[in-house]
Amino acid sequence: MSMEFWVKSGKDAQKNSTILEKRGATTATQSYQIGFSSTSGGKLYCAYYLSTGYFSTTTNASTYVLNKDVWYHVVSTYKNGEGIKLFVNGSLYSYLATTPLTIRASDNIPVNIGRRRTETTKFLNGSVDEVKIYPYALTQQQISQNYNDSKNGYSNVSKIVKEQTSIGDVWQCEVTPS
C-alpha cells in the first residue's frame, strides 16, 4: 500500500501530531499512520500495524525535520517482502525491512487527515493537500514522477512510468478539444 500527499508544517520542529491515519481505538483496529514523532525531535515517521505487531520508521537523517511554511511531497509504502519505505520530495529517506506480513484490516474506521481519531491533542498545525491512498506500493520511479508532475503546483498532469504498463496492454483515451 502507499500513502501520498503534500504537507506544509505550520511550525518548526512540529512534534506529536498526525498527518494521515486509519487507526481505531484498539490494537486490533489499527492499520496505518504517518505524522511527526513525539520521541525523535519532530521527525516525520510512518507506521503500519501488521498481523504480528507494529512497525514504524522515521526519517533517518539525524537533522531532517520538515521546515515551517515549506511544502513537502511525502510518500510512504509498504509491500510484503520489501518492508516500509518513506520518501520525501521524490527521494528515499528511510527504509525498514520487515518479514512478509499483512496490514491489519480496520473496516468501518474512517481515514483521518490532520488529526488522530482517538486523541484530542494530536492535531496537525499546517496544511495537507492532494492525499492519495493506493492499495499497492508505488515504485521509486512512480513516486519520483508524481513528485515531478506536481512540484510546481500543477496537479492536472499525470505521466505514467514503465512499471505501469505491460507488453500487450491496450490503452484508450478520450480527447475533448477546448
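If you're wondering where the values come from, they're calculated on a predicted model, not measured in any experiment. Throughout this description, residue numbers start from 1 for each chain and increase along the sequence as written. In keeping with the predicted nature of the model, local features appear solely for residues at pLDDT of at least 70, side-chain atom pairs appear and are counted solely at 80 or more, and the whole-chain, interface and lining totals rest on all residues. Where side-chain values are given, they derive from all heavy atoms of the structure, hydrogens and water being excluded.

Trainee: Mind laying out the overall build of the chain, listing which residues take part and the relevant values?
Mentor: Across its full length, the chain carries one helix and ten strands. When its helices and strands are written in sequence order, the chain yields β-β-β-β-β-β-β-β-β-β-α. When a residue's accessible area, from a 1.4 Å probe over protein chains only, is under 20% of the maximum for its type it is buried; when over 50% it is exposed; and in between it is partly exposed. Sorting the 178 residues of the chain into buried and exposed places 42% on the buried side. The contacts in the chain between residues at least 6 apart in sequence include a share of 61% that link residues at least 24 apart. Per the convention used, a helix needs a DSSP run of H or I reaching at least four residues, while a strand needs a run of E reaching at least two, with both numbered from the N terminus. We call two residues in contact whenever any of their non-hydrogen atoms come within 4.5 Å of each other.

Trainee: Quick rundown of helix 1 (residues 140-150)? Include the residues and the values.
Mentor: Those residues of helix 1 not exposed but buried are Gln142, Ile143, Gln145, Asn146, Tyr147, Asp149 and Ser150. The secondary structure elements touched by the buried residues of helix 1 are strand 1 (2-9), strand 6 (71-79), strand 7 (83-88) and strand 10 (126-134).

Trainee: Could you give an account of the nonpolar core, with specific residues and numbers?
Mentor: Within this scheme, the nonpolar core is defined by two criteria: the residues are buried Ala, Val, Leu, Ile, Met, Phe, Trp, Tyr or Cys, and they are joined through side-chain atoms within 4.5 Å. Counting residues in hydrophobic clusters, the biggest one holds 23 residues, and the most contacted among them are Val7, Ile19, Ile34, Leu44, Tyr48 and Val74. Of all the secondary structure elements, the ones that give two or more residues to this core are strand 1, strand 2 (17-23), strand 3 (30-36), strand 4 (44-50), strand 6 and strand 7. Sort the elements by how many residues they give to this core and strand 4 lands first, with four residues. When neighbours within four sequence positions are excluded, Val74 is seen to be in contact with Met3, Glu4, Phe5, Val7, Ile34, Leu44, Leu86 and Phe87.

Trainee: How would you summarise the packing of aromatic side chains if you had to cite specific residues and measurements?
Mentor: Each pair of aromatic rings is reported with the distance of its centres and the angle of its planes. Only the six-membered ring of Trp is used, alongside the rings of Phe and Tyr, when aromatic pairs are assigned; centres must lie within 6.5 Å, and planes under 30 degrees apart are stacked while those over 60 apart are edge-to-face, with the rest tilted. Enumeration over the complete set of coordinates arrives at three aromatic pairs. With 5.5 Å between their ring centres and 55° between their planes, Tyr134 and Tyr136 make a pair best called tilted. For Tyr134, a relative accessible area of 16% puts it in the buried group. For Tyr136, a relative accessible area of 40% gives the class partly exposed.

Trainee: Any chance you could break down the pattern of salt bridges for me, citing the residues and the numbers?
Mentor: Each salt bridge in this description consists of a side-chain nitrogen of Lys or Arg and a carboxyl oxygen of Asp or Glu lying within 4 Å of one another. Across all of its chains, the model carries two salt bridges by this definition. Glu82 serves as the salt-bridge partner of Lys79, at 3.7 Å between the closest nitrogen and oxygen. The residue Lys85 makes a salt bridge to Glu82 at a minimum N-O spacing of 3.6 Å. Assessed through its relative accessible area of 32%, Glu82 is described here as partly exposed. A single network of salt bridges, built from pairs that share partners, joins Lys79, Glu82 and Lys85.

Trainee: Pulling in residues and values, what's your account of the sheet that holds strand 1?
Mentor: Any two strands are treated as partners once DSSP identifies two or more bridges connecting them. What the five strands build is an open sheet, ordered 8-7-6-1-10; its pairing is antiparallel. Edge positions in the open sheet fall to strand 8 (91-96) and strand 10, since each of these has one partner strand only. Ignoring which end each strand starts from, the neighbouring axes of this sheet average 15° apart. When strand 6 meets strand 7, the two strands line up antiparallel, connected through six bridges. Across the sheet, residue Tyr78 finds its bridge partner in strand 7, namely Ile84. Orientation is described by lines fitted to C-alpha atoms, with helices fitted over the stretch in contact, and by angles between N-to-C directions that extend from 0 to 180 degrees. Sheet contacts for helix 1: strand 1, strand 6, strand 7, strand 8 and strand 10; angle to strand 6, the most-contacted strand, approximately 160°.

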